[in-house]
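# A closer look at the structure
One letter stands for each residue in the lines below.
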Amino acid sequence: MDNNSQGSGGFKGGLGSIFGGGAPEYSNTELAGVPLTGMSPLSPYLNVDPRYLLQDTDEFILPTGANKTRGRFELAFFTIGGSCMTGAALGAINGLRMGLKETRDMTWSKPRNVQILNMVTRQGGSWANSLGSVALLYSAFGVAIEKARGAEDDINTMAAGTLTGMLFKSTSGLKGAARGGLLGLALSGAYAVYNNWDHLTGSSSSSRLY
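Bear in mind that the values here come from a model prediction, so they are computed numbers and not experimental data.

### Comments concerning the side chain of Ser188
Position of Ser188 among the secondary structure elements: in helix 6 (residues 173-195). Under the relative-accessibility criterion, Ser188 is labelled buried at 5%. At 2.8 Å, the side chain of Ser188 forms a polar contact with the backbone oxygen of Gly184. Beyond its immediate chain neighbours, meaning those up to four positions away, Ser188 contacts Thr157, Met158 and Gly161.

### Observations regarding the packing of helix 5 (residues 154-168) against helix 6
With their axes 6 Å apart at the nearest point, helix 5 and helix 6 run at an angle of 150° to one another. Taken as axis vectors, helix 5 and helix 6 run roughly antiparallel relative to one another. Read as a crossing pair, helix 5 and helix 6 show a hand that is right-handed. Here Asp154, Thr157, Met158, Gly161, Thr162, Gly165 and Met166 of helix 5 lie close against helix 6, whose contacting residues are Ala177, Gly180, Gly181, Gly184, Leu185, Ser188, Gly189, Tyr191 and Ala192.

Cut-offs and rules
Residues numbered from 1 in each chain as written. Predicted model: local features only at pLDDT ≥ 70, side-chain atom pairs only at ≥ 80, totals over all residues. Heavy atoms only, no water. Helix = DSSP H or I, 4+ residues; strand = E, 2+ residues; numbered from the N terminus. Buried < 20%, exposed > 50% of the residue type's maximum accessible area, 1.4 Å probe, protein only. Polar contact = N/O pair within 3.5 Å; in protein donor to acceptor, adjacent residues only side chain to side chain. Contact = heavy atoms within 4.5 Å. Axes fitted to C-alpha atoms, helices over the stretch in contact; angles between N-to-C directions. Parallel < 35°, antiparallel > 145°, perpendicular 65-115°, else oblique. Left-handed = near helix turned anticlockwise from the far one by under 90°.

Written as structure tokens, this is what we have:
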């Protein structure tokens, strides 16, 4: 009996040495206090402390000096694509409205359906082209201004919006360019206020307390 127990113990120790060291042995009294659900601070069944497996914060593998948030260049693709899809959807709705209005005196027939479909596709493509062009100009100006200034803040957003409006409406003359710039400044300023609303309300409430 003693030889068998020693042999089995040596066999376990040999396997433990092969697979990363011998596991600690626990008595029945120690194992009785281990809960069946959840994880104890130190599991007797593992060679790893489970506390190292539970992380409260997200961990990312990033290049040296990189930020966890996306930059303007990464967001440009989403902005341009989303603007094109939004413009196509809004243009299709507007084309359907116009097509139904222009063909209201016609009976439901194949020519009327074709005319409505042509209006939908024409308006959808036009709106998608317009919003996509605006998004492309805004993203290009935003990336260029960020690289030139070496900083990322709301000034870049408002400057990019103003230049986008001016360039997009530059074919309408100086007055049209000025109106486009003012519209771009207003929209980008509203977006900057919305983006920093929590900070603005928090600072205003703290200033009232003091």
